[in-house]
Amino acid sequence: MLTSSNLKEFSFKELKMATGNFCPDAWLGDGDSCKVYEGWMDEKTLAPSKSGEGMLVAIKEYPKREQHFELWQSEVNILGRHYHPNLIGLLGYCWDEEKLLLVYEYMPKRGGCVVEPLSWVIRLKIAIGAARGLAFLHTLEKKVICRDFNTYSILLDENYNAKLSNVSLAKLGPSSEEAPVSTAIVGTIGYIAPECITTGDLYVKSDVYSFGVVLLELLTGLRVTDPEHPCGEQNLVDWLKSILSQETKLKTIMDAQIEGQYSSEAALQAVQLSMRCLKLDPRSRPSMKEVIEVLKEIEALASHLHEEVK
């Protein structure tokens, strides 16, 4: 395991104090096999403080079992070794006899849980931030494949700056984007690239497929699997591909809540980018660097439209 002076090693007692003994009021939600609490700490020393004093942090608690140790260790090694403005900041960890815990910077919004309708500009901002986080992981000397990128793994600050969280299932990739590594089928249903399911092969561009699904959700305002949306029980990706094979207007694809906020050119580019990411052959998908370039072009169109409206 990585040992880094940048990470603080907390005692379980300190984290109990920071969360008020993990009281129900401090509970933020459940992740995969873990619970997440808010805690309060001194901004400079990271010493536990009383509720409402100092700064908020997020504390993830894993049961201490062999399979959870690997998840916990993966986050310590990746987030403890690398910093990027679009990756969640890891402040420290706790390796207790009974519990495994991680302490992160606090992010008030979670991508998949945002209730209010988001504007077209904000959706682009989230997509670009998430894309930059993935691109950073993919271009490290030892490439990191996220393996479980989805809407819920995107955390947002008050200004909707996106940061990737949950790299517990990440895997080191090959030196080449075109080469696969073998893997078990893991991830969130609807976001897993088809090659991972059919052959067990994992590519750097398997993450690109997952990004394409998230981008599609941002464009349509629909979940990838949701019995209440127009495709019923059909997967959102399959639904989009089926309607694009017919003569259809972009208006039928784009979320009605952002109508009038984008040009037809921007919408077309965004949908086409999503479909490129969702190509069945991983080699046909763009790199995340290319994805960012296209998203920045779309963002420029949005800025131009805003100026025209003014």
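Residues numbered from 1 in each chain as written. Predicted model: local features only at pLDDT ≥ 70, side-chain atom pairs only at ≥ 80, totals over all residues. Heavy atoms only, no water.

- The protein chain is annotated in an unreviewed UniProt entry as Protein kinase domain-containing protein from Acer negundo.
- Turning to the protein chain, the UniProt annotation filed under Subcellular location (unreviewed entry) states: "Cell membrane". (UniProt positions renumbered as here; feature names shortened; annotations may be inferred.)

### Description of the sheet that holds strand S9 (residues 154-156)
- The strand order across the open sheet built from three strands is S7-S9-S10, with neighbouring strands paired in antiparallel fashion. Two strands in the sheet have a free side with no partner beyond their single neighbour: strand S7 (109-110) and strand S10 (162-164).
- In terms of strand pairing, S9 meets S10 through three bridges, oriented antiparallel. Considered in S10, the bridge of Ile154 is made with Leu164.
- Helix-sheet contacts for helix H3 (residues 120-138) involve S9 and S10, and the interaxial angle to S10 is about 30°. (Pairing = 2+ DSSP bridges. Helix = DSSP H or I, 4+ residues; strand = E, 2+ residues; numbered from the N terminus. Contact = heavy atoms within 4.5 Å. Axes fitted to C-alpha atoms, helices over the stretch in contact; angles between N-to-C directions.)

### Focus: helix H6 (residues 236-244)
- The complete set of buried residues in H6 reads Leu236, Val237, Trp239, Leu240 and Ile243. End-on view of H6: buried residues confined to an arc of 160°, all on one side of the axis.
- Summarising the contacts, the buried residues of H6 are in contact with helix H5 (206-220) and helix H7 (264-277). (Buried < 20%, exposed > 50% of the residue type's maximum accessible area, 1.4 Å probe, protein only. Arc of directions from axis to C-beta.)

### Quick word on the sheet that holds strand S6 (residues 99-105)
- Overall, mixed pairing links the six strands, which are arranged S1-S5-S6-S4-S3-S2 in an open sheet. This sheet does not close on itself; its edge strands, each paired only once, are strand S1 (8-9) and strand S2 (27-31).
- Sheet analysis places strand S5 (residues 90-95) next to S6, joined by five bridges and oriented antiparallel. The residue of S6 that forms the bridge with Tyr93 is Leu102.

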